[in-house]
Amino acid sequence: GKLEQTFPYVPTHLHYIMLELLKNSMRATVDWHGVDGDDMPPIKVVIADGRDNEDVVIKVSDEGGGIPRSNMKRIWSYLFTTADPKVQEGMVSLNNNIVDHAVDSPLAGLGYGLPISRSYCRYFGGDLNVMSMEGHGTDAFVYLTRLGHAKEPIPL
């Protein structure tokens, strides 16, 4: 990939999307290989771009055990999560002062990260796709249309 790549995009949306994908990959990798795993595989990020490419494409790959095929459609549903129910209880408790950006926030939560990330991509003419191989890992592809080359999908 191109480490020095620059392109115009809304930084807060890109930050949200990438943080969501990276923390999902980190959590899956640690869950699959164990917290004390001596041989933890890396999470790979590849940025594919060319002057004539329609999109900037970012691929996030992990070896975190993958997603069962029966869950693939559900990952785009709000409130679908694989987080421990105790984590969810802490996140929605009215007596708890945990906020989304807190230092002690968990790596998994309420299940809206992937759907919102895909909505951000699609709003600006791109997309977010996930391909998974159960028992191995997951690849997420972020397609970002170069800003200025697409119209916002606002009905007139």
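Attention in this report is confined to the structure presented alongside it.

Reading the values: the criteria
- Residues numbered from 1 in each chain as written.
- Predicted model: local features only at pLDDT ≥ 70, side-chain atom pairs only at ≥ 80, totals over all residues.
- Heavy atoms only, no water.
- Core = buried A, V, L, I, M, F, W, Y, C linked by side-chain atoms within 4.5 Å.
- Buried < 20%, exposed > 50% of the residue type's maximum accessible area, 1.4 Å probe, protein only.
- Helix = DSSP H or I, 4+ residues; strand = E, 2+ residues; numbered from the N terminus.
- Contact = heavy atoms within 4.5 Å.
- Pairing = 2+ DSSP bridges.
- Axes fitted to C-alpha atoms, helices over the stretch in contact; angles between N-to-C directions.

### Here's the deal with the nonpolar core
Among the nonpolar cores identified, the biggest contains 20 residues, and L21, I75, L128, V142 and L144 are the most heavily contacted of them. Those elements that provide at least two residues to this core are α1 (11-33), β2 (55-62), α3 (113-123), β3 (127-133) and β4 (137-145). The biggest single contributor to this core is α1, with four residues. Ignoring any residue separated from it by four or fewer positions in sequence, one finds L144 in contact with F7, Y9, L14, D55, V56, I58 and C121.

### Brief notes about the side chain of E20
Looking at the secondary structure, you find E20 in helix α1. According to the relative accessible area criterion, E20 is buried, its value standing at 10%. Every residue in contact with E20, bar those within four places of it in the chain, is listed here: G113, L114 and S117.

### Description of the sheet that holds β3
Judged by pairing direction, the sheet is antiparallel, and its four strands sit side by side in the order β1-β2-β4-β3 without closing on themselves. The open sheet has two free edges, formed respectively by β1 (44-48) and β3, since each of these has just one partner strand. Adjacent strand axes in the sheet meet at a mean angle of 15 degrees when their direction is disregarded. Sheet topology note: the β1/β2 ladder contains five bridges and is antiparallel. Within β2, the residue paired with V46 across the bridge is K59. Across the face of the sheet, α1 comes into contact with β1, β2, β3 and β4 while running at roughly 20 degrees to β2.

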